[in-house]
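Notes for the structure review
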4 protein chains.
Amino acid sequence: MNFASDNTSPAHPRVMEALARANEGYAPSYGEDTLTRAAEARIRDVFEAPEATIAFVATGTAANALSAALLCPPWGALYAHEGAHIFYDECGAPEFYTGGAKVVPVPGAHGRIDADALAAAITAQMTGDAHSVVPSALSITNATEAGTVHRPEDVARLAAVARARGLGVHMDGARLANALAASGAAPAEMTWKAGVDVLSFGGTKNGLMAAEAVVVFDGARAESLPFRRMRAGHLWSKHRFLAAQMLAYLDGGLWLELARAANAMAARLAQGLARLSGVELLHPVEANEVFAAFPRAAHRKLREAGAAYALWPETQSLEGVAEAPLSARMVASWCTQEEEVDRFLEVLANALG
Amino acid sequence: MNFASDNTSPAHPRVMEALARANEGYAPSYGEDTLTRAAEARIRDVFEAPEATIAFVATGTAANALSAALLCPPWGALYAHEGAHIFYDECGAPEFYTGGAKVVPVPGAHGRIDADALAAAITAQMTGDAHSVVPSALSITNATEAGTVHRPEDVARLAAVARARGLGVHMDGARLANALAASGAAPAEMTWKAGVDVLSFGGTKNGLMAAEAVVVFDGARAESLPFRRMRAGHLWSKHRFLAAQMLAYLDGGLWLELARAANAMAARLAQGLARLSGVELLHPVEANEVFAAFPRAAHRKLREAGAAYALWPETQSLEGVAEAPLSARMVASWCTQEEEVDRFLEVLANALG
Amino acid sequence: MNFASDNTSPAHPRVMEALARANEGYAPSYGEDTLTRAAEARIRDVFEAPEATIAFVATGTAANALSAALLCPPWGALYAHEGAHIFYDECGAPEFYTGGAKVVPVPGAHGRIDADALAAAITAQMTGDAHSVVPSALSITNATEAGTVHRPEDVARLAAVARARGLGVHMDGARLANALAASGAAPAEMTWKAGVDVLSFGGTKNGLMAAEAVVVFDGARAESLPFRRMRAGHLWSKHRFLAAQMLAYLDGGLWLELARAANAMAARLAQGLARLSGVELLHPVEANEVFAAFPRAAHRKLREAGAAYALWPETQSLEGVAEAPLSARMVASWCTQEEEVDRFLEVLANALG
Amino acid sequence: MNFASDNTSPAHPRVMEALARANEGYAPSYGEDTLTRAAEARIRDVFEAPEATIAFVATGTAANALSAALLCPPWGALYAHEGAHIFYDECGAPEFYTGGAKVVPVPGAHGRIDADALAAAITAQMTGDAHSVVPSALSITNATEAGTVHRPEDVARLAAVARARGLGVHMDGARLANALAASGAAPAEMTWKAGVDVLSFGGTKNGLMAAEAVVVFDGARAESLPFRRMRAGHLWSKHRFLAAQMLAYLDGGLWLELARAANAMAARLAQGLARLSGVELLHPVEANEVFAAFPRAAHRKLREAGAAYALWPETQSLEGVAEAPLSARMVASWCTQEEEVDRFLEVLANALG
């Protein structure tokens, strides 16, 4: 019953095989190898963006921070949902990479930035003088940290608010595959066609070992990317191993297949939870994450039964009043089994009486 | 005839196997898994440093930059050999991570910092007022970028110069295995016992896919490491895959075995070059790199024959006077074959007439 | 009728005389002169802090940013009131000087941080792992940006919340004189005795030309101050001219006399406004700033009559519905005259009908 | 006999008078006042640059650091003479403001960068890949830290080397007045017409209290200047007092008059020194600084007689062999008197026997 985080899941076997195959003999370093060329071409294909600049890195935090730096000067402000990973869970990586830009949290229900709140926040900041940081970038997570999904029109709406005020647009796509699988939208439709300038395209949470891509659709933004990546220590010397993962990811649509599987398991779990009284679903379940609240006693039972998942926020305690509800996050990964979901529901149902 | 860089070599088969084995099922993320615990323990064993703090990262540049940040405040100065990777080949990564510290180049023959020049450089900087950056750290590369090796007493001598003036000591051990294999010194002897506070322990150049360790011997320096690593985007979520590489590296002394093999091939090449007139060895060959100069025409012949290696500096041109000597760097990796070395020597000998 | 900002006021004549007197002959540079020694001693006296470390700078933004850097590492978080100058009006100076720390806004009525909201904000951030920035500092403005005053017990209460959680405490005292004049508290009582570690002691808004002091009460925090100041370009070579201003400021209690005068004029204005129907005072008037709302038509009349003051927020427009209320800020300076206050009230009363 | 540093001199009386006159009544803050407008216009006039962007700051270090940031990205390199203030005497201010750029020292006799060494240094750095920092800026000090002067054709020659390789050009004009007075060149001729993009125009060393100007001739470079200045805490609220100093400086050519006076006293001193055997002039004396070496015993005598000047380097000691020569720097300021020079020469002549 492993719902702890998609980061705890293994990599897909085809990815490990691709790594092994890439390990044959010598290859140029630092991205000058043929696998890297192929992977970049593949991404341009998938996103229908023949001019995109691409940089592979090993972590989503690096991808987000590099993206922020491409869009946001040191005296800039980047707007993100108040629950966004880029805001609270990267130990200030965006601030580090941008040289001290401000990351401004914007409210919105269920993980989706509220367009009016965004417009108001940006406008309030645009004093027109040098006393204030300059609104420079919007970061939209898709699928969101609340497990919901922006459809292309949602992205376009937020992007329009940003672009009308001179901001660039970033998409944190750590779980982009899940968002595309859920919405059925095409990658181009969900990103640059909807106004996204820079994308952090995630793979690690969805079956890769460690590989993400910074995809820059707006050529004017791309120039500094090689220097920023090198300087941050994120240019792999044996770069073929990043590329090999990405090629396996995109090959035959594996990425969407894995995301669909994870989404399906989250949906199965959500449906089961919805039928249990005593359980409150906190957000719509549109991708691979389920947020629910139920009594503390039930959490203890699940723990005793070996279920792994995070209380959400994690600062909640298992000590205390048995009936008090604690909220939690259950994440389905590409290899979550139906049996795990059903067992979880069974233990929980019993615990709830 | 692949002597381009140890970074172009594949990973050792046992390393890929270890990655595959690590890919079984779920494991806690962000370094909370058992493989990580085991790898850290193994490193503490190998270095006889039971209190060392360790952080695994994917690149040597990240390891060096994080190390620099542990030793050097923003208003500090870090001293390194003028040919050091940390000085010229990391696109200012140390400057980025430290917040703008100055990296000061120090001369020395054959890649080894001259102790007197170091003392003079530090002393000249120690004005005692806030107008000057504060000498804060010394970085010694071992094996050096010139292919030479510091023995423990060399390290101790340089470290003493630094410590007497209040500086911390870093060792860039991207090729530490080669230095230990060459010198026969014990890891502890070569590092903390000789005065090293922080070590960048390299694996990528010596048979790993992408894995290095920041090993902090001086506990007082370690506190900020987790935050700096996270903030730089260098904390892998599926951390077990970094640990698995390190465990395979240290298992059964594989690391030293691979280094010995590379060193042996460099020695073989050097011996052959030494017998050729028209070839000048530029530095003693003590580890796995060979620096030599020979006529341009011979370089052309080697290229035609398919030899891969870098002119050194790389800005030299193959166009021009045939007899003019160009200097070059030939690097032996863990899988360099005798046949490659012999073929290289054969082609070169023919070219030289 | 000049209520635009205390920054628009001239310097007090005694300050200009002090500058002229300081201009006699040669004096050591960079703070090694006797006036600087005397000014530092004077501040230690005034604050009853014989061990305090002091650095004079020309602007409040520099004083605040340097203070933040003394208390907050790059991966830290600094908590300030959501209306604080350090949060929104310094173009990210704290982020610049700290190396990218996060400035977290905390709510509270009338410019005073709510202690419970502060505790909750800090606690929520203290995840205990490296994914989150580390709560490091609290910044309390006194007198606040809303014109209210923290008494020593208010400061102590907030400081206790911060210190209990390991944070250092900064006081933005751009208008400290006004807060002390209003409360009658002694400088030591209001600062270090109430838990403040570092103080930005302001003079520019209260009769100086350009002079502020960073006063570090906690010696453990002071070491890097000289380097940070020099590196930021804030160490004056002809330092005597900063010191001369500070000496004139503190001489014979001029600083408190000027603050009392400004406070009295603000009180006079507030009393007059309170008697006018159609005027709403937005915050208690405890120092030298008055925040009030009244109809747009009245603002137009005041402008026509030559009154200078800022709409607050400044993004409000004088175009629009005549009866709609606009909020404004009126600041009394050390040289505001009773006639100015009375004239303002007269014009406003007429405008309101 | 005060030759310690031009920073130890007082401000010119007309400057203090201007400050007093500027202190009349209220004026808009943050540079929105009429004096600031006038001073900016005056500078554009003087430099024949009607489109120049100007920012006044209080220190030369701030002016230099802001200039560096306008020309040099974080991954850039700035080339300066190895004895330049920007390289060794600003505690890494350029590194701070640029976000970690590298300041590369270039050799050259008598404080003037050697054009061929500059070309070689830049070319060596231009590897064309992201491993190396990108040569971005050249900084020429005029008058140099060795007391010599670049004529416009010297500036143009160095600027050409830089511009041909894509670098921007900065001039550190802390003593520009002295260079112009010495060369007779027009300000425009010495700066933008010779290829300078950004100038740090100094006043503090030459009769002002604390005022410098960043003058940006290349409009494409100017956009970020207001944000960078604000963020660094260098925007004065009572900005009129910076402007007043600048207006007094330029009024009636006072700036050149003061520089000529200082240069003349340095020349007088140099001529006297040249006639003394046992004294070696170390650099041509072209502006207001004199560098000479003479026996330790003579230094002791001068100190006993009350002469103030710096040993150069300052790390030399007055303890030791009496006959051993120590080098020193004597700086003439705008108010250095003939009597001081003659007395210095007299004491020295006696000491030398």
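Residues numbered from 1 in each chain as written. Chains lettered and ligands numbered in written order. Predicted model: local features only at pLDDT ≥ 70, side-chain atom pairs only at ≥ 80, totals over all residues. Heavy atoms only, no water.

1. With respect to the relation of the copies chain B and chain A
Each copy superposes on the other: chain B lies on chain A with an RMSD of 0.0 Å after a rotation of 180 degrees and an axial shift of 0.0 Å. In the structure described here, the two chain copies are related by an operation that fits a two-fold rotation axis. Every residue of chain B has its C-alpha some distance from the rotation axis, and the shortest such distance is that of B:Ala232, at 3.5 Å. The overlap is high: 100% of the interface residues of chain B also sit at the interface in chain A, so the same surface is used on both sides. (Least-squares fit on C-alpha atoms with pLDDT ≥ 70 in both. Contact = heavy atoms within 4.5 Å.)

2. A word on the pairing of strand E2 (residues 76-81) of chain D
Residue and element names in this part refer to chain D. Taken across its six residues, E2 has six buried, putting it largely inside the fold. Pairing of E2 with strand E4 (residues 134-141), which is carried by five bridges, proceeds in the parallel orientation. Bridging from a neighbouring strand, Ala80 pairs with Ser139 of E4. With five bridges joining them, E2 and strand E3 (residues 102-106) adopt parallel strand pairing. If you follow Tyr79 over to E3, its bridge partner there is Val104. (Buried < 20%, exposed > 50% of the residue type's maximum accessible area, 1.4 Å probe, protein only. Helix = DSSP H or I, 4+ residues; strand = E, 2+ residues; numbered from the N terminus. Pairing = 2+ DSSP bridges.)

3. Comments concerning the packing of aromatic side chains
Applying the stated criterion to the full structure yields 48 aromatic pairs over all chains. Ring geometry for C:Phe47 against C:Phe201: centres 5.2 Å apart, planes inclined by 80 degrees, an arrangement best described as edge-to-face. Within this pair, whereas C:Phe47 is found in the loop between helix H2 (34-46) and strand E1 (53-57), its partner C:Phe201 is found in strand E6 (residues 198-202), the two being separated by 154 residues in sequence. By relative accessible area, which is 1% here, C:Phe47 ends up buried. Taking 4.2 Å as the distance between ring centres and 5 degrees as the angle between the ring planes, the aromatic pair formed by C:Phe96 and D:Phe96 counts as stacked. With C:Phe96 in helix H5 (residues 93-98) and D:Phe96 in helix H5 (residues 93-98), this residue pair bridges two chains. Given the relative accessible area of 12%, C:Phe96 is considered buried. Linked through ring pairs, A:Phe47, A:Phe201, A:Phe217, A:Tyr249 and A:Trp255 together constitute an aromatic cluster. Of note, B:Arg303 hangs over the ring of B:Tyr309, and the distance from its end group to the ring centre comes to 4.5 Å. (Phe/Tyr/Trp six-rings, centres within 6.5 Å; stacked < 30°, edge-to-face > 60°. Lys NZ or Arg CZ within 6 Å of the ring centre and 35° of its normal.)

4. Some words on the nonpolar core
Ranked by size, the top nonpolar core spans 127 residues in total, and within it A:Ile43, A:Phe201, B:Ile43 and B:Phe201 carry the most contacts. The residues touching A:Phe201, leaving out its near neighbours within four places in the chain, are A:Ile43, A:Phe47, A:Gly173, A:Leu176, A:Glu212, A:Ala213, A:Val215, A:Met246, A:Tyr249, A:Leu250 and A:Trp255. Core analysis: the second largest hydrophobic core is formed by 125 residues, C:Leu242, D:Leu180, D:Ala211 and D:Ala248 among them. (Core = buried A, V, L, I, M, F, W, Y, C linked by side-chain atoms within 4.5 Å.)

5. Considering the domain arrangement of chain A
Often, the extent of an interface is quoted as the loss of accessible area upon association of its parts. Residues and elements named next belong to chain A. We note that the domain assignment places domain 1 (12-253) and domain 2 (255-352) within chain A. Centre-to-centre separation of domain 1 and domain 2, based on C-alpha positions: 28 Å. Counting residues at the interface gives 26 residues for domain 1 and 20 residues for domain 2. Between Glu286 and Arg112 there is a salt bridge; the shortest N-O distance is 2.8 Å. Run the count over domain 1 and domain 2 and you get 15 residue pairs in polar contact (both at pLDDT 80 or more). Elements supplying a minimum of two residues to the side of domain 1 that touches domain 2: helix H8 (176-183) and helix H11 (240-250). Residue contributions to the side of domain 1 that touches domain 2 peak at five residues, all from H8. Each residue belonging to the side of domain 1 that touches domain 2 can be placed in one class, and the counts come to 14 nonpolar, nine polar and three charged. (Domains from an automatic or database assignment. Salt bridge = Lys/Arg side-chain N within 4 Å of Asp/Glu carboxyl O. Polar contact = N/O pair within 3.5 Å; in protein donor to acceptor, adjacent residues only side chain to side chain. Nonpolar A, V, L, I, M, F, W, Y, C, P; charged D, E, K, R; others polar.)

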